[in-house]
Structure formats: structure tokens, C-alpha cells
Amino acid sequence: MKLRNTGSRKTLIPMREYNGEPYVRINEVPSPRVNRKISVLPLVFLIFYEVSGGPFGVEDSVQAAGPLLALLGFLVFPFIWSVPEALITAEMGTMFPEDGGYVIWVSSALGDYWGFQQGWMKWLSGVIDNALYPVLFLDYLKSAIPALSSGFPRVMATWVLTGLLTYMNYRGLTIVGWAAVLLGVLSLLPFVVMGLIAIPKIRPSRWLVVDLQTVDWNLYLNTLFWNLNYWDSVSTLAGEVDNPKKTLPKALFYALILVVCGYVFPLLIGTGAIPLNRDLWADGYFSDIAKMVGGVWLRFWILGAAAMSNMGMFVAEMSSDSFQLLGMAERGMLPEFFAKRSRYGTPLFGILFSASGVILLSWLSFQEIVAAENFLYCFGMILEFIAFVVLRMKHPAGSRPYKIPLGTVGSVLMCIPPTILICVVLALSTYKVMVVSLIAVLIGLVMHPCLKHIEEKRWIKFSKSSDLPGFYDTAPESTESLIA
């Protein structure tokens, strides 16, 4: 990876105006309104939890396609999808180091209307994603506590869990970051222990089992896609990061390694140590494998790790979703009250709205949540790819502290494989998911002009922050190693 230094010749590229007021630049010194505290290590684990959180939820890949395709999927898929998305996030996130992330990228390239659509689809897919974690949490615990399987106890457990984790987000992003580090270590450690215990039982021939005639491609691709996306979510926290122009690319690089290892190693252990029964590979099956490998004590350790993993994923995703709303409000896309911060510096109304969405969607099943989330996420990623290429073409000399070492043609070619994958995921969606997701997209298309009308009538106050960053056309002078 290369870090591109800015030269001495700088020309301000005017960003889009809002109510006749141009965007203004900020210096490298953080604005007084933001206390940037997130360093590399907490950011690595925040990204880890926004993308992965460990192997909990990958079981369906084995059920859908068998051990060989599951392992190949988590080894090959990152190069098709995760690496391009992480690289684009590193370049665009350092180009626009502010809360709002991908919304700002699309707005700068395509205009505020499409920036709003990006924000709506990504926020909604993020909230849908977050509704999944209480479901997974309870799926793992119901084997130990059968009362949580259904009915009123399950509903109450969902609400209580959502409330507690929402409060953690309210208390501050620094707390969330270091909590993610602790939860990450605790949730991955039992798989290391299980791997050591399982070594005598591993049969490598079990990894090679495949039957192409019985592959459920829809479930397989959706499971891979869900477990390896959301690399761009960290961009909505860029305004809260210490020296984001260096910290963000480094954290993405280290998180990519952690995520892939966190999937492949447990799959190697689970599929290699236990005779294959694909029907059993469903949510929570790793706890059963732990019992067969090490006993009841290891099973309960895995259950505890699953609980901690889902807690980490919930708080990381809610941080991203709520700061995205704050960033949109600071750009004048949402009412001013969304930009209000708590005394801990967190987006008060963004957290409340995101938590409300999680509670409303928590009744959906695991596979329905994954499919609907993936469908909306695909639309958002298409806009991101377009914005990335457009900004490369319109502002090739724009200040990019980290720049992917590819020209315009190379950038377009890099976006083609993930775009093809997006089309495949969309084509395999069920009719129900497609209809519901398209209705959600249509709501966003109508919502933006409605909000503009409300603003013009002054029924609700909208405003733009006075210290938002612009970006510069800069002559390239030198590069230096980033991961050094």
C-alpha cells in the first residue's frame, strides 16, 4: 500500500453549495467540536465487528454448498469483493475524513439527491443488519435456555439486550472501541483452544467434499456476501478517528487479515474434525461442534463467545449508522436535530432512531434479514463504485492521502468483478425480498423532495455545519510505504 503525499501546489476544488454557501476547508488540526480519540487498534476491531465478528453465522455456507465450496468461498471471495471495497474505502475515506462517509462521496460525485439515496439505503441496510444480532444472540442461547426460543421471553430479551447495548453507544465511541477489542479477543479465543484440541481428530479428506448438484446457490452467495461486506461502514466514523489519513488505511489492512483468518480457521476445524452432516450446519452449530470436540465446558465457552460477538457487532454497527445520520445532518440533508450530540459526543437522535429501527425489525427471521439487507446494500455499493470512478475522472489530481495505485482504466476494471457479483446476488433474490426492498428504495426516492419541501416551508430547521472539509487538486510528488 502506498501513501501519497500532498505537494506544495494546491487548488481548492469547489464542492457542492448548500443554500448558496460554499463548503470550506479545515486544517489538519481537528475541529474543536470533535474530540478524535480512536486509534489503530480499537479501529481494527470496530471494522472487524462491522464486517465479521467471528465465524458465528457462517454455518449456512456449509449447509448450502458443503465444506470445499465453503472454504474456497471465504478464501476467494475476499479478493473479488472485500479487497476492492476496502481499497475504495481507504482512498475515499482519507479523501473525505468526516462523519457521513460514503454519503459524502456520492454527494460530491453525483449530487445531494443521490447522496441522500445512498444514505437512506445504507442506513436502512445497516439497521436491518443490526436487527440480526439479537436474533443470532438468542439462537445461540436458546440451546442452554429453551425459554428464549419463542414467545414473550424472547421478545423481552430482545428489547432488554437492545436497550443495554444502545446505552453503551450513548456513553461514547471510545468506550465502544476498546470494548470491541476486549470482546474480539474473548470471542476468538475459544476457537483457538478448540483448534488445538481438535488436531488429533482432523481428517483433511473431509475438506474436499463437494456435490454441485445439491448446492443452494442463493443461500451460499448471500451467506458469503453478508459475512464479507460492510467494509465501507467505518467511513462514517472517519471524523472521530485520530489522524484518519494514516490510521484508516492501516486499520482496514489489519482488519482484512483478521476477518479472513477468523472465518477460515474455525471452518477448517469444524469441517475437518467432525463427520459431515450438512443438515446440521445451521445457526449455532459451532457450539455443538465444541461439545463433540472438547465437552460441555467448551460448548458453553463458545456460547459465551457468540454472545460477546453479537454484542460487539451490534455496538459497532449502531455507531456507524448513528454517525452517518449525524454527518448527513451536518451537510443539511437531514433536520438539524440529527446533528445534536450528547454530553459524551455521541449522536443522540441518530442512536435513538437506529435503535427504534432494530426493535421494529427484530421479528424477522435470520435468512429474511440477510437477504433483504444484501439487496439494499447492493444498490448502495453500485452508487459507491460510480462515485469512486467519477471522482477519479473529474478530479484525478485531487488530494488523496492514500491512493489505490491504479489509473482510471484500472479503477474501472477493479470495480467490474464486484459489480457482476452484485448483479448475481440481486438476480437470486426471492420475489418477496425483491418487492419489499424495491418499496424501500422508492420511499427514499420520494423522501428527499419531501424533506426539501419541509425545509423550504421552514417547518423543521435544517442547517449546514460551518467547519466541513473540502478537498484539493494537488500535484503528486512522492509516495511512501503505508504499512511499514
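Conventions and cut-offs
Residues numbered from 1 in each chain as written. Predicted model: local features only at pLDDT ≥ 70, side-chain atom pairs only at ≥ 80, totals over all residues. Heavy atoms only, no water. Helix = DSSP H or I, 4+ residues; strand = E, 2+ residues; numbered from the N terminus. Buried < 20%, exposed > 50% of the residue type's maximum accessible area, 1.4 Å probe, protein only. Contact = heavy atoms within 4.5 Å. Areas by Shrake-Rupley, 256 points an atom, 1.4 Å probe, with all protein chains shown as cover. Core = buried A, V, L, I, M, F, W, Y, C linked by side-chain atoms within 4.5 Å. Expected span 1.5 Å × (residues − 1). Arc of directions from axis to C-beta. pLDDT = per-residue confidence, 0-100. Phe/Tyr/Trp six-rings, centres within 6.5 Å; stacked < 30°, edge-to-face > 60°. Lys NZ or Arg CZ within 6 Å of the ring centre and 35° of its normal. Salt bridge = Lys/Arg side-chain N within 4 Å of Asp/Glu carboxyl O. Axes fitted to C-alpha atoms, helices over the stretch in contact; angles between N-to-C directions. Parallel < 35°, antiparallel > 145°, perpendicular 65-115°, else oblique. Nonpolar A, V, L, I, M, F, W, Y, C, P; charged D, E, K, R; others polar. Left-handed = near helix turned anticlockwise from the far one by under 90°.

Concerning the overall build of the chain
The secondary structure content of the chain amounts to 15 helices and four strands. Within the chain, the proportion of its 484 residues that are buried is 58%. The contacts of the chain with a sequence gap of at least 6 include a subset with a gap of at least 24, amounting to 86%. Taken as a whole, the chain presents about 19000 Å² of accessible surface, with 69% of it coming from carbon and sulfur.

What to know about the nonpolar core
A general trend in soluble globular proteins is that nonpolar side chains are found buried together. Grouped together as the largest cluster of nonpolar side chains are 137 residues, with contacts concentrated most on Ile47, Trp81, Met194, Trp231 and Phe286. Residue contributions to this core peak at 15 residues, all from helix α11 (residues 296-330).

Observations concerning the environment of Val62
By the element assignment, Val62 lies in helix α2 (residues 59-65). Val62 gets classed as buried once you look at its relative accessible area, which sits at 0%. Filtering out sequence-adjacent residues up to four positions away, Val62 remains in contact with Pro67, Ala70, Leu267, Thr271, Leu276, Arg278 and Trp281.

Describing helix α6 (residues 151-170)
Between its terminal C-alpha atoms α6 stretches 29 Å, which fits the 28 Å expected from 20 residues at 1.5 Å a residue. Here α6 has its buried residues at Arg154, Thr158, Leu161, Thr162, Leu165, Thr166 and Asn169. Burial along α6 is one-sided: seen end-on, the buried residues are contained in an arc of 130 degrees. Opposite the packed face of α6, turned more than 90 degrees from it, sit the exposed residues Phe152 and Leu164. Looking one or two residues past α6, Gly172 carries a phi angle of roughly 140 degrees, positive in sign.

Here we look at the confidence of the model for the chain
Summarising the model, the chain shows a mean pLDDT of 82, and 86% of its residues fall at 70 or more. The low-confidence segment residues 1-34 (pLDDT under 50) makes 106 contacts with residues lying over four places distant or belonging to another chain. Between residues 474-484, whose pLDDT stays under 50, and residues either more than four places distant or in other chains, the model counts 35 contacts.

Re the packing of aromatic side chains
This structure, assessed with the given rule, holds 22 aromatic pairs. With centroids separated by 6.1 Å and ring planes inclined at 70 degrees, the aromatic side chains of Trp81 and Phe385 adopt a geometry described as edge-to-face. Of this pair, Trp81 sits in helix α3 (residues 67-95) while Phe385 sits in helix α13 (residues 366-394); the two residues are 304 residues apart in sequence, bridging distant segments of the chain. An aromatic cluster is built from Phe56, Phe191, Trp281, Tyr285 and Phe286, whose rings are joined through pairwise contacts. Positioned above the aromatic ring of Tyr102 is the side chain of Lys122, whose terminal nitrogen or guanidinium carbon lies 4.1 Å from the ring centre.

Thoughts on the pattern of salt bridges
Enumeration according to the criterion identifies ten salt bridges in this entry. Put simply, Lys461 and Glu336 hold a salt bridge, and the shortest N to O gap is 3.7 Å. Here Lys461 is found in the loop between α15 (431-457) and β3 (471-474), whereas its partner Glu336 is found in the loop between α11 and α12 (348-361), with 125 residues between them in sequence. Sharing partners across several salt bridges, the network here consists of Glu91, Arg392 and Arg400.

Describing the environment of Pro204
With respect to the secondary-structure elements, Pro204 resides in the loop between α7 (173-198) and α8 (217-227). Residue Pro204 is classed as partly exposed on the basis of its relative accessible area of 48%. Taking the C-alpha atoms as reference points, Pro204 and Gly272, 68 residues apart in sequence, are found 5.9 Å from one another.

Some remarks on the packing of α3 against helix α9 (residues 244-273)
Two numbers describe how α3 lies on α9: the axes approach to 10 Å, and their chain directions differ by 170 degrees. When the axis of α3 is compared with that of α9, the two are roughly antiparallel. When its residues are assigned to classes, the contact of α3 with α9 shows 19 nonpolar, five polar and one charged.

So, the side chain of Glu384
With respect to the element layout, Glu384 can be found in helix α13. Residue Glu384 is classed as buried on the basis of its relative accessible area, which comes to 2%. When residues no more than four places from it in sequence are discounted, the contact partners of Glu384 are Tyr102, Trp105, Val106, Gln118, Lys122 and Asp232.

Focus on unusual backbone geometry
Positive phi values are uncommon outside glycine, yet Tyr230 reaches one of about 75 degrees. Examined against the element boundaries, Tyr230 turns out to sit in the loop between α8 and α9. Non-glycine residue Asn243 carries a positive phi angle of around 50 degrees. Along the chain, Asn243 turns up in the loop between α8 and α9.

Overview of helix α1 (residues 40-51)
A rise of 1.5 Å per residue sets the reference length of α1, with its twelve residues, at 16 Å; its end C-alpha atoms lie 16 Å apart and thus fit the reference within 8%. For α1, the buried fraction is high: ten of the twelve residues fall into the buried class. Along α1, the residues that are buried comprise Pro42, Leu43, Val44, Phe45, Leu46, Ile47, Phe48, Tyr49, Glu50 and Val51. Where α1 is buried, its residues meet α7, α8, α9 and α11. Two residues or fewer after α1 comes Gly53, characterised by a positive phi angle close to 90 degrees.

Let's talk about the packing of α6 against α11
Running from amino to carboxyl end, α6 crosses α11 at an angle of 55 degrees, the nearest separation of the two axes being 9 Å. Considering their axes alone, α6 and α11 lie oblique with respect to each other. Crossing hand, α6 versus α11: right-handed. Two secondary-structure elements touch here, α6 through Thr162, Leu165, Thr166, Met168 and Asn169 and α11 through Met311, Phe314, Val315, Met318 and Ser319.

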